[in-house]
Amino acid sequence: MCPARFCMGSGDMGIAVPYRLRNSDAIPSTERGMTKPSITLIGGGLVGALLGTLLARRGFAVELFEKRDDPRVAGFAGGRSIILALAERGLHALRQAGLADDVLTHAMMMRGRMVHPLGGEAGLQRYGVDDGEVIWSVSRGALNVLLLDAAEAAGVRLHFGQSLVGADFDAGRIRLADARGTEREHDAGVLIGADGAGSTLRAAMDAHAPLGLRVEPLGHSYKELEIPPTGGDGRARFALEPNALHIWPRGGYMCIALPNTEGSFTVTLFLPAQGAHPSFASLPDAARATAFFREDSPDLLPLIPRFAEDYDSHPVGTLSTLYLDRWHLDGRALLIGDAAHAIVPFHGQGMNCGFEDTVALAGLLAEVGRDSADAFAEFQRVRQPNADAIAQMALENYVEMRDSVADPHYLAKRELGALLAERIPSHYMARYRLVTFTHLPYAYALERGRAQDALMRRLLGDGCYAKAVDLDTAEALFKAELPPLARG
Ligand SMILES: Cc1cc2nc3c(=O)[nH]c(=O)nc-3n(C[C@H](O)[C@H](O)[C@H](O)COP(=O)(O)OP(=O)(O)OC[C@H]3O[C@@H](n4cnc5c(N)ncnc54)[C@H](O)[C@@H]3O)c2cc1C
């Protein structure tokens, strides 16, 4: 048993009591005249701030507690990935909040992958069929600030420098601590944890009633570096093609670079954490890393003038996939975004998936006749298979990015895919496009992608030449074996 009412460790197996509205929790709805529970959101990162906005606009009273200081005053203390790829699912959620245009004003368009093979010419592999299918590079800090402004404008009460440190689910109270460690209690109402991969609310819920937590480390870690703008004449210029996501695929590892609006690129080096060379263990300092990159990425190294300083001072981040059997404690507490389903970043979908969560959850909570227990159960039923699917596809995409993008068989499949997309758009769409440019469920994209892949393998055999495939045969095969693509 937990020594205190507020559980943070293992032990308290208290039986869940359904959440009941207390008078002080109820507010009149501006939407349908029904009473709605007040909501306490933990975490004012990307998902928490957007969810707060969507809920407040639907008439919920929302209080949001964020561990960090207000980034609009103190500056953004990032920690993780300072730049992110935003795709259609995330944009769709931002449109619901009326924020998509503002976000895109500060974003860089990326048309495809610019692949930099060792000793070869760089080449662009388009993501979509045209400029209607692109992804966007956005600054995490600027996006977070914009989302917090929107949440505040929608009526969310924001509290910064307030860390969740414990929760008593039976009493409906949480414990918060400020930066000096001074603690206070707060009546929680319905609790939603958007406090990220290391979620404190998750730990408290798991201690109250085990959630079936599994963390699968990738075994590869990352470090961020920077390619600054060029041009000593006061006019900043991009050192590389600005409208692309650059990849240096090297088999067992890779570097990527995403453009920033002010002319720089954020480079992320992904390497095995331990083990045989190359790994972060075998390259523990800038001297050894510089010597290695001089051989392995001679075109990239000169673009990073502060390579040595940044390599030695920037932290190594770890990467894992997080699975939970249960995302909620009846109607009292729910996890969302990375807190429920952190994934590896290789499909650029973690935030996009979390944003898609917010639209689904806000819609369910606002439905007439659903209480929070019902809404949370339905949210998990709908979203969990999709979170599992994108987790799987993100893992597969690492192999594709670091290895396959330079492989002749993969390139032949891509080429055949492009021919099929043009000829039978009703029956073929590349899995990447299903994930990135549609709203079709991730689970559908995974399943459809597998089926399409099997047919492509049958058509290509061991060959690496797409033009050798008879397209009449291909069309007949796809139409016989697969239903038309779903719309969405
Ligand atoms: C290297 C890397 C690259 C990535 N690239 C992409 C990409 O290109 N595209 C994409 O879609 N996704 C990407 N992701 C994933 C993306 O960063 C996450 O999915 C996203 O940040 C999840 O948002 P969140 O709000 O759930 O969690 P977070 O962004 O982690 O926010 C959690 C918030 O909760 C606060 N908090 C934590 N603990 C407490 C507490 N106890 N009390 C109060 N507040 C607390 C934190 O301070 C933080 O503000 C990437 C991730 C990594 C690691």
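Summary of the structure given here.

Rules behind the numbers
Residues numbered from 1 in each chain as written. Predicted model: local features only at pLDDT ≥ 70, side-chain atom pairs only at ≥ 80, totals over all residues. Heavy atoms only, no water. Helix = DSSP H or I, 4+ residues; strand = E, 2+ residues; numbered from the N terminus. Rg over C-alpha atoms; globule rule 2.2 N^0.38 Å. Buried < 20%, exposed > 50% of the residue type's maximum accessible area, 1.4 Å probe, protein only. Contact = heavy atoms within 4.5 Å. Areas by Shrake-Rupley, 256 points an atom, 1.4 Å probe, with all protein chains shown as cover. Near = heavy atom within 4 Å. Polar contact = N/O pair within 3.5 Å; in protein donor to acceptor, adjacent residues only side chain to side chain. Nonpolar A, V, L, I, M, F, W, Y, C, P; charged D, E, K, R; others polar. Phe/Tyr/Trp six-rings, centres within 6.5 Å; stacked < 30°, edge-to-face > 60°. Lys NZ or Arg CZ within 6 Å of the ring centre and 35° of its normal. Expected span 1.5 Å × (residues − 1). Salt bridge = Lys/Arg side-chain N within 4 Å of Asp/Glu carboxyl O. Pairing = 2+ DSSP bridges. Axes fitted to C-alpha atoms, helices over the stretch in contact; angles between N-to-C directions.

This brings us to the overall build of the chain. Looking only at helices and strands, the chain has 15 helices and 21 strands in total. By the compact-globule yardstick of 23 Å for 488 residues, the chain fits well, its C-alpha radius of gyration being 24 Å. In terms of overall dimensions, the chain has a C-alpha envelope of 70 × 60 × 45 Å along the principal axes. Expressed as a percentage of the 488 residues in the chain, the buried residues total 54%. Within the chain, counting contacts between residues at least 6 apart in sequence, those at least 24 apart form 71% of the total. About 20600 Å² of surface is accessible on the chain, with carbon and sulfur atoms providing 53% of the total.

Time to look at the site of the ligand. Lining the immediate environment of the ligand, one finds 31 residues, of which Glu66, Ala85, Arg140, Asp338 and Met351 sit closest. At 3.5 Å from an oxygen atom of the ligand is found a main-chain nitrogen or oxygen belonging to Gly45. Relative to its free-state accessible area of 1000 Å², the ligand is covered by the protein chains to the extent of 92%. Sorting the residues of the shell around the ligand by element identifies helix H1 (46-57), strand S5 (83-86), strand S11 (163-168) and helix H10 (350-366) as the ones contributing at least two each. Here the shell around the ligand gets 3 residues from one element, more than from any other, and that element is H10. Taken together, the residues that form the shell around the ligand break down as 11 nonpolar, 13 polar and 7 charged.

It is worth spelling out the packing of aromatic side chains at this point. Scanning all chains against the criterion turns up 14 aromatic pairs. Seen in terms of ring centroids, Tyr432 and Phe437 are 6.4 Å apart; in terms of plane orientation they differ by 70°. Their pairing is edge-to-face. Taken together, the aromatic side chains of Tyr253, Phe292, Phe293, Phe307 and Tyr311 make up a single cluster linked through ring pairs. The ring of Tyr311 carries Lys223 above its face, with NZ or CZ at 4.6 Å from the centroid. One residue, Arg402, lies across the ring of Tyr398, its end atom 4.5 Å from the ring centre.

On to unusual backbone geometry. If a residue is not glycine, its phi is most likely negative; likewise, a peptide bond is most likely trans. Of the consecutive residues His277 and Pro278, the connecting peptide bond is found in the cis state with omega at 0°. In this model, Asp330 sits at a positive phi of 35°, which is unusual for a non-glycine residue. Inspection of the secondary structure assignment puts Asp330 in the loop between strand S20 (328-329) and strand S21 (333-335).

On to H10. Under the 1.5 Å per step criterion, the end-to-end length of H10 is 25 Å for 17 residues, consistent within 8% with the ideal 24 Å. Across the 17 residues that make up H10, a large majority, 13, are buried.

On to the environment of Gly166. Note on placement: Gly166 falls in strand S11. When the C-alpha positions of Gly166 and Leu201 are compared, they lie 7.5 Å apart, and in sequence the two are 35 residues distant.

So, about the pattern of salt bridges. Overall, the coordinates contain 31 salt bridges when judged by the stated rule. In this structure, Glu475 engages Arg423 in a salt bridge whose closest nitrogen and oxygen atoms are separated by 2.8 Å. Highlighted residues: Glu475 in helix H15 (residues 471-481) and Arg423 in helix H12 (residues 408-423), separated in sequence by 52 residues. What emerges from the salt-bridge pattern is a single network uniting Asp70, Arg72, Asp149 and Glu152.

Attention shifts here to the sheet that holds strand S16 (residues 245-249). Pairing between the strands of a sheet comes from backbone hydrogen bonds, and it takes one of two forms, parallel or antiparallel. Taken together, 7 strands build an open sheet; the order of strands is S8-S7-S16-S17-S18-S15-S19 and the sheet is mixed. Here the strands that pair on one side only, and so sit at the sheet edges, are strand S8 (123-126) and strand S19 (317-323). Each strand axis lies, on average, 30° off the axis of its neighbour in the sheet, ignoring direction. Sheet analysis places S16 next to strand S17 (residues 254-259), joined by 4 bridges and oriented antiparallel. Residue pairing in the sheet places Trp248 in a bridge with Cys255 of S17.

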